[in-house]
Amino acid sequence: MEFESNDSNWDGVYYYPQLFGGVMLTAAVLGLSTSYFGGTVGLPTLPYMLPYLKNLQKKKREKRKIRVYMDGCFDLMHYGHANALRQAKALGDELVVGLVSDEEIVANKGPPVLSMEERLALVSGLKWVDEVIADAPYAITEEFMSRLFNEHKIDYIIHGDDPCLLPDGSDAYALAKKVGRYKQIKRTEGVSSTDIVGRILASMEDKKGPGPNARVVYIDGAFDLFHAGHVEILKRARQLGDFLLVGIHTDEIVSEQRGPHFPLMHLHERSLSVLACRYVDEVIIGAPWEITKDMSQPDPYSVPKNMGMFRMIESPKDITTTSVAQRIKANHEIYEKRNAKKEASEKKFYEERKYISGD
Ligand code: CTP
């Protein structure tokens, strides 16, 4: 490990076990020679050396563990968090996570979506987490830092390479950096709690559906290699009513019907071509071959049920994806405000970040 521990002797002993052989051999020789000289040269004789050597070996066995600390809100858990904690764990032996309290998140960022209890369940469920300190502060104050070092025996405080600023614009990790006990991991691009809240807010925007008395026309097909024939048929279909819904067959269905080299374009490429056509109002991506009476899905578990292999497990929690999204939608004004601020600082971070060239 390229890391310095608080007691470097232990690391040295641990990593160079071959030294022991050397020490013992020298001691044996010295033991003989000192008794030969009647013990007058001031070196301990072999019986005196034994407890010392035993102690050294015991220390070798009990190599001191490096304890690292990473804090955060961990609201709406995502793979960026998992990757951060995985990297943090790799910087030591034991990872302690500080879960910022609901009150501190409100004061520094705006309201979290998930409660402390829910965030605790998520973080504790991660593979790399050894201990969790609930209700941690947002900023590492002098007092909290000495608690981390003395009570929790933390060696290093870790955070992603994105700036973590307090409302007054100062760095939340300034003190830890000053005392040389701060380490950084690489932030994962393309995901953040702010981004997920943004996606949920965007899903609230009205979708244009057919009006109450609209005549909806349905047409389906492969729409592979979108061509002039497709445009013409979609135009005619649309003229039959007020709203055109297009079902696009799955890649598997197209292969079954047309042969193994088809489709030439995969389902998402085909869907984008159809959606771009001016006569199309909506698409069903992956429509069935056969149009059933109500187009509803059959029971997906009917086979294991018939084979007697199906078990239903009761969930002890009533939380669902929809209910979490609903919390954001119900308070959308607060989250829109919170996100506007955070999105701006995230954008600035990505724009200003520097690349290291391979030259
Ligand atoms: N983190 C990361 N990669 C991400 C998001 C977070 O490495 N894409 C790291 C942060 O740098 C921090 C830890 O995960 O060390 C906890 O992050 P958190 O406080 O929950 O912040 P974000 O997910 O960035 O949430 P928000 O958008 O609300 O700031």
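See the structure shown above.
Here the structure is a predicted model, which is why all the values come from computation and not from measurement. (Residues numbered from 1 in each chain as written. Predicted model: local features only at pLDDT ≥ 70, side-chain atom pairs only at ≥ 80, totals over all residues. Heavy atoms only, no water.)

**Focus: the site of the ligand**
Worth spelling out the cut-off: Being near a molecule or strand, for a residue, comes down to having at least one heavy atom within 4 Å of it. Counted as a polar contact is a pair of N or O atoms within 3.5 Å, where, for protein atoms, one must be capable of donating a hydrogen and the other of accepting one, and residues adjacent in sequence contribute only when both atoms are in side chains. With residues, only the protein chains shown are counted as cover, and all accessible areas are computed by Shrake-Rupley using a 1.4 Å probe.
Around the ligand, 22 residues are found, and the nearest of them are Asp162, Thr188, Val191, Thr194 and Lys342. Between the ligand and the protein, one listed contact pairs an oxygen atom with a side-chain N or O atom of His78 at 3.2 Å. Between the ligand and the protein, one listed contact pairs an oxygen atom with a side-chain N or O atom of Arg187 at 3.1 Å. Burial of the ligand by the surrounding chains reaches 96%, relative to a free accessible area of 580 Å².

**Quick word on the pattern of salt bridges**
Once the charged atoms of two side chains with opposite charge are near each other, the side chains can pair. Our working rule: Whenever Lys or Arg places a side-chain nitrogen within 4 Å of a carboxyl oxygen from Asp or Glu, that contact is recorded as a salt bridge. A helix here means a DSSP run of H or I that spans at least four residues, while a strand means a run of E at least two residues long, and both kinds are numbered starting from the N terminus. Three labels apply to residues, based on accessible area from a 1.4 Å probe with only protein chains included: buried if under 20% of the type maximum, exposed if over 50%, partly exposed otherwise in between.
Overall, the coordinates contain 17 salt bridges when judged by the stated rule. Its salt-bridge partner being Glu151, residue Arg147 comes within 3.7 Å of it at the nearest N-O pair. Here Glu151 and Arg147 lie together in helix α7 (residues 142–151), a separation of four residues that amounts to about one turn. Under the relative-accessibility criterion, Glu151 is labelled exposed at 53%. Between Asp171 and Lys177 there is a salt bridge; the shortest N-O distance is 2.6 Å. Classification of Asp171 as partly exposed rests on a relative accessible area of 28%.

**So, unusual backbone geometry**
A cis amide bond, omega 0°, links Phe262 with the succeeding residue Pro263. With respect to the secondary-structure elements, Pro263 resides in the loop between α11 (251–258) and α12 (267–275). Look at Leu76: it is not a glycine, yet its phi comes out positive at around 50°. Tracing the backbone through its elements, the reader meets Leu76 in the loop between β1 (67–72) and α4 (79–90). Even without being glycine, Lys153 reaches a positive phi, approximately 55°. Structurally, Lys153 is set in the loop between α7 and β4 (156–160). The class of Lys153 is partly exposed, set by a relative accessible area of 49%.

By themselves, these are just geometric observations and shouldn't be taken as functional.
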